[in-house]
Amino acid sequence: MHWVTLNGLMTFHAIVELGSINRAAHALNVSQSSLTRTLRHLEARLGGILVTRSPKGIELTAFGELVFAHANDIKKQVGRAESFIKSHHDASAQLLRVGVVMVHPLIPFCKSIVSLVEKHPEFRAELRFGSATEMLQALQQDNLDIVLYYTLTGPEAEGLVQDVLAEEEIAIFASPSHPLADNPSPSVEDLANARWTLGPADVSITRMIAAVFDDSGIPGPNVAIEVDMIPLRRAITQNSRFLSAFQTHHVSPELANGKLVRIRYPLEQERRSIGTIRVGPHSSLTRTFVSILKDRYQRELGRSDEGE
């Protein structure tokens, strides 16, 4: 279709939709005389009068009603084309901005990010690490597309869309050579007689272990090495006869390859879910990324359950 005709049809549609040439001129940010000329050119090209003026505004002629129906269909098609082009540009923007609060299992997360950019070379990822407050604020300010953290509940979750990836569970672990490795029902006394490597006293996992002893009235735990860095503490536990406690998904590879075993002492706890958080519906990028995360977490954490 010739551009003058398409432009004229959309101008004509606006005039009818808004009910007057004046309002249409204002909405389209053109002069009334320019709009009138466009309408007259369209009428000349189509060979008929489309509208007449009346005290109430404009009125469609019978020919105008027929043309307006077609103009309405064309406008819808143009809208669909614009939406498609926008989604294409959004997809080709390529950049996925991920905010990470380090409560997720490191290895499955890294494998997921690598898988995203290897399987989809049109995508690239930008990772930002920080506190939950920093990452969630950046998400709300549209500086991030998605955040990896615990799933939120209550007022904190209002206006956010979340996907659960795995359930967090804290347990006690040791190397396979530890005396408690084969004990089917260790007691608090057994835990008190062991030496430990744990994080600082104000860390939630350390507080949980301390509560086990406080509730039983038995002194402990006997911490030989205090270290805040989880990978280092994990390595110390593998290569010593110290007990430690971790979120189970943080030690899934070590459980799968037999470098760590779970000590069969039940810890009372409220489990939390780890997942992804975003604002609004999925983009093609976030949908693809979450799908990869879910698949990877299920396989990685599933193997850890089987290894226990």
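About the thresholds
Residues numbered from 1 in each chain as written. Predicted model: local features only at pLDDT ≥ 70, side-chain atom pairs only at ≥ 80, totals over all residues. Heavy atoms only, no water. Pairing = 2+ DSSP bridges. Helix = DSSP H or I, 4+ residues; strand = E, 2+ residues; numbered from the N terminus. Axes fitted to C-alpha atoms, helices over the stretch in contact; angles between N-to-C directions. Contact = heavy atoms within 4.5 Å. pLDDT = per-residue confidence, 0-100. Patch = residues over 30% accessible without salt bridge, like charges linked within 9 Å, V, L, I, M, F, W, Y side chains within 5 Å. Areas by Shrake-Rupley, 256 points an atom, 1.4 Å probe, with all protein chains shown as cover. Salt bridge = Lys/Arg side-chain N within 4 Å of Asp/Glu carboxyl O. Buried < 20%, exposed > 50% of the residue type's maximum accessible area, 1.4 Å probe, protein only. Parallel < 35°, antiparallel > 145°, perpendicular 65-115°, else oblique. Nonpolar A, V, L, I, M, F, W, Y, C, P; charged D, E, K, R; others polar.

Participant: Before we move on, could you go through the sheet that holds strand β5 (residues 146-150) and cite the residues and values that matter?
Facilitator: The strand order across the open sheet formed by 5 strands is β4-β3-β5-β12-β6, and the pairing between neighbours is mixed. At either margin of the open sheet sits one strand with a lone partner, and together these are β4 (124-129) and β6 (161-167). Within the sheet, the average angular offset between the axes of one strand and its neighbour, ignoring direction, is 25 degrees. Here 6 bridges tie strand β3 (residues 95-100) to β4, and the two strands are oriented parallel to one another. Paired with valine 100 across the strands is phenylalanine 129, a residue of β4. Running over the sheet, helix α5 (residues 106-119) touches β3, β4 and β5 and is turned about 155 degrees from β4. Contacts from helix α6 (residues 132-140) reach β3, β4, β5 and β12 (273-278) within the one sheet, and its direction differs from that of β5 by about 145 degrees.

Participant: Give a detailed account of the confidence of the model for the chain, specifying residues and quantitative values.
Facilitator: The predicted model of the chain averages 86 in pLDDT, with 92% of residues at 70 or higher. Mean pLDDT values for the elements of the chain range from 73 in helix α4 (residues 62-92) up to 97 in strand β11 (residues 261-263). This stretch, residues 303-308, has a pLDDT under 50; its non-local contacts, to residues over four places away or in other chains, come to 6 contacts.

Participant: Can you lay out a nonpolar patch on the surface for me, pointing to particular residues and giving the numbers?
Facilitator: Among the surface-exposed residues, Met102, Leu106, Ile107, Leu127 and Phe129 lie close enough to one another that they form a single nonpolar patch of about 420 Å² accessible area. Of all the secondary-structure elements, those providing two or more residues to the nonpolar patch are α5 and β4. When you line up the elements, leucine 106 lands in helix α5. When its relative accessible area of 36% is taken as the criterion, leucine 106 is described as partly exposed.

Participant: So what's going on with the packing of helix α2 (residues 21-28) against helix α3 (residues 32-46)? Which residues, and what values?
Facilitator: Where α2 contacts α3, the axes come no closer than 9 Å and their chain directions differ by 105 degrees. Taken as axis vectors, α2 and α3 run roughly perpendicular relative to one another. Taken together, the residues of α3 that come into contact with α2 (itself represented by Ile21, Asn22, Ala24, Ala25 and Leu28) are Gln32, Leu35, Thr36 and Leu39. Classifying every residue of the contact of α2 with α3 by side-chain character gives 6 nonpolar, 3 polar and no charged.

Participant: Describe in detail the sheet that holds strand β7 (residues 170-174), supporting the description with residues and values.
Facilitator: Ordered by their spatial adjacency, 3 strands build an open sheet running β10-β7-β11, and the pairing between neighbours is antiparallel. Among the strands making up the open sheet, the edge pair consists of β10 (244-247) and β11. If you compare each strand with its neighbour and ignore which way they point, the axes differ by 55 degrees on average. The pairing of β7 with β10 spans 4 bridges and is classified as antiparallel. Paired with isoleucine 170 across the bridge in β10 is glutamine 247. Contacting β7 and β10, helix α8 (residues 204-216) runs over the sheet at an angle of about 130 degrees to β10. Contacts between helix α9 (residues 230-238) and the sheet are confined to β7 and β10, with β10 contributing the most and set at about 130 degrees to the helix.

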